[in-house]
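The chain contents come next:
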Amino acid sequence: MDKASLLGDAISYINELKNKLQSAESDKEDLQKQLDSMKKELAGGKDARSGSTTSDQELKMSSHGSSKLVDMDIEVKIIGWDAMIRIQSSKRNHPAARLMSALRELDLEVHHASVSVVNDLMIQQATVKMGSRFYTQDQLKFALTSKFSDSTR
C-alpha cells in the first residue's frame, strides 16, 4: 500500500470510530432519560413528563414521603454466608438502633458496623454472618425493608 491509501484507510477508520462514539453517546443519553423518568415515577407516582426536576438526594432525603422507597435506600450483597448491608436514610427515628434490632430479629451476627451522618442523611454499613437461615440478596433486602417499615408506624 502506498502512503495515500494508508492515510485514506486510517481516515475512514477514524470516521467510523467517531460515528460509533456518537451512537454510543446517543444511546447513553436515551438510557439516562429512561432512568430519570423511572426514578421520578418511583419517587411518588409522578408522571415522567411532568417536568419536575427533583435530584436523587432530595428524593432520598424527603421526609414523610408517600413511599418508603424515597425515605430509605438499602443495598445488600451476599458472599457465601456473609452479607454486606448499606442503608442510606434520614437520621430521624433512630435508624441505627432499628437496624441492629432488625439484624437481631433476623438472626444475623454483626461482625462490623459503621454509621456516618451528614446533615440529615445517615449512612449505615454492616457486615453480618447468617446464622440459622440463609437469605438471598432480595430476601434480605425485603426483610430489612419490612422491618424498617414496621418500626416507623
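For the structure itself, look to the data block above.
The rules behind the values
Residues numbered from 1 in each chain as written. Predicted model: local features only at pLDDT ≥ 70, side-chain atom pairs only at ≥ 80, totals over all residues. Heavy atoms only, no water. Pairing = 2+ DSSP bridges. Helix = DSSP H or I, 4+ residues; strand = E, 2+ residues; numbered from the N terminus. Axes fitted to C-alpha atoms, helices over the stretch in contact; angles between N-to-C directions. Contact = heavy atoms within 4.5 Å. Salt bridge = Lys/Arg side-chain N within 4 Å of Asp/Glu carboxyl O. Buried < 20%, exposed > 50% of the residue type's maximum accessible area, 1.4 Å probe, protein only. Patch = residues over 30% accessible without salt bridge, like charges linked within 9 Å, V, L, I, M, F, W, Y side chains within 5 Å. Areas by Shrake-Rupley, 256 points an atom, 1.4 Å probe, with all protein chains shown as cover. Lys, Arg positive; Asp, Glu negative; His and termini not counted. Charge placed at Lys NZ, Arg CZ, Asp CG, Glu CD. Core = buried A, V, L, I, M, F, W, Y, C linked by side-chain atoms within 4.5 Å. Arc of directions from axis to C-beta. Phe/Tyr/Trp six-rings, centres within 6.5 Å; stacked < 30°, edge-to-face > 60°.

Engineer: Got a minute to help me understand the sheet that holds strand 4 (residues 121-130) in this structure?
Structural biologist: As a general point, the strands of a sheet are linked pairwise by backbone hydrogen bonds and lie either parallel or antiparallel. Pairing in this open sheet of four strands is antiparallel, and the strands run 1-2-4-3 from one edge to the other. Both edges of this open sheet fall to strand 1 (72-79) and strand 3 (108-118), since each of them pairs with a single strand only. The sheet shows a mean angle of 10° between the axes of neighbouring strands, taken without regard to direction. Looking at chain direction, strand 2 (residues 82-90) and strand 4 are connected through nine bridges and run antiparallel. Looking across to strand 4, one finds that Ser-90 is bridged to Leu-121.

Engineer: Explain the environment of Val-117 to me, please; I cannot follow it from the model alone.
Structural biologist: Within the element layout of this structure, Val-117 appears in strand 3. With sequence-adjacent residues up to four places away left out, Val-117 is seen in contact with Lys-91 and Met-122.

Engineer: Would you mind showing me how to read the pattern of salt bridges here?
Structural biologist: Any two side chains of opposite charge can pair, so long as their charged atoms come close to each other. Here the structure, examined in full by the defined rule, presents five salt bridges. Two residues, Lys-20 and Glu-16, come together in a salt bridge whose shortest N-O distance is 3.7 Å. Linking Lys-20 with Glu-16, this pair stays in helix 1 (residues 3-42), spanning four residues, or about one helical turn. Notably, a salt bridge pairs Arg-86 with Glu-75, separated by 3.6 Å at the nearest N-O pair. Of this pair, Arg-86 sits in strand 2 while Glu-75 sits in strand 1, placing them eleven residues apart in sequence. Among the residues examined, Arg-86 registers a relative accessible area of 23% and is labelled partly exposed.

Engineer: Just checking my understanding: could you explain unusual backbone geometry for this structure?
Structural biologist: Excluding glycine, residues mostly have negative phi values, and the peptide bonds linking residues are mostly trans. A positive phi angle, near 60°, is found at Asp-107, a position not held by glycine. Its location among the elements puts Asp-107 in the loop between helix 4 (95-105) and strand 3. With a relative accessible area of 39%, Asp-107 lands in the partly exposed category.

Engineer: I tried to follow a negative patch on the surface on my own but got confused; where do I start?
Structural biologist: On the surface, Glu-25, Asp-27, Glu-29 and Asp-30 cluster together to form a negatively charged patch. Turning to its location among the elements, Glu-25 is positioned in helix 1. Taking the relative accessible area as the measure of exposure, Glu-25 reaches 43% and is therefore partly exposed.

Engineer: Got a minute to help me understand the pairing of strand 2 in this structure?
Structural biologist: When a strand is regular, its side chains alternate between the sheet's two faces. Relative to strand 2, strand 1 runs antiparallel, the two sharing eight bridges. Paired with Glu-75 across the bridge in strand 2 is Arg-86. As consecutive antiparallel partners, strand 1 and strand 2 are separated by two residues, and within that stretch Gly-80 has a phi angle of approximately 65°, a positive value.

Engineer: Would you mind going over the nonpolar core with me for this structure?
Structural biologist: Ile-85, Leu-103, Leu-108, Leu-140 and Leu-144 are the most contacted members of the largest nonpolar core, which has 20 residues in total. For Leu-108, the contacting residues outside a window of four places in its chain are Leu-103, Val-128, Lys-129, Met-130, Tyr-135 and Leu-140.

Engineer: Explanation requested: helix 4 in the structure shown.
Structural biologist: One turn of an α-helix holds 3.6 residues; hence residues three or four places apart share an orientation. Buried within helix 4 we find Pro-95, Arg-98, Leu-99, Ala-102 and Leu-103. Angularly, the buried residues of helix 4 cover 135° about the axis, an arc narrow enough to put them on a single face. Facing away from the buried side of helix 4 by over 90 degrees, the exposed positions are Arg-104 and Glu-105. Following helix 4 by one or two positions, Asp-107 adopts a phi angle in the positive range, close to 60°.

Engineer: Before we go on, may I ask you to explain the packing of aromatic side chains in this structure?
Structural biologist: Aromatic ring pairs are reported here in terms of the distance separating the ring centres and the angle at which the planes meet. Applying the stated rule across the entire model yields one aromatic pair. Pairing Trp-81 with Phe-134 gives two aromatic rings, centres 5.1 Å apart and planes at 75°, and the pair type is edge-to-face. With Trp-81 in the loop between strand 1 and strand 2 and Phe-134 in the loop between strand 4 and helix 5 (137-151), this pair connects stretches of sequence that are 53 residues apart. When its relative accessible area of 43% is taken as the criterion, Trp-81 is described as partly exposed.

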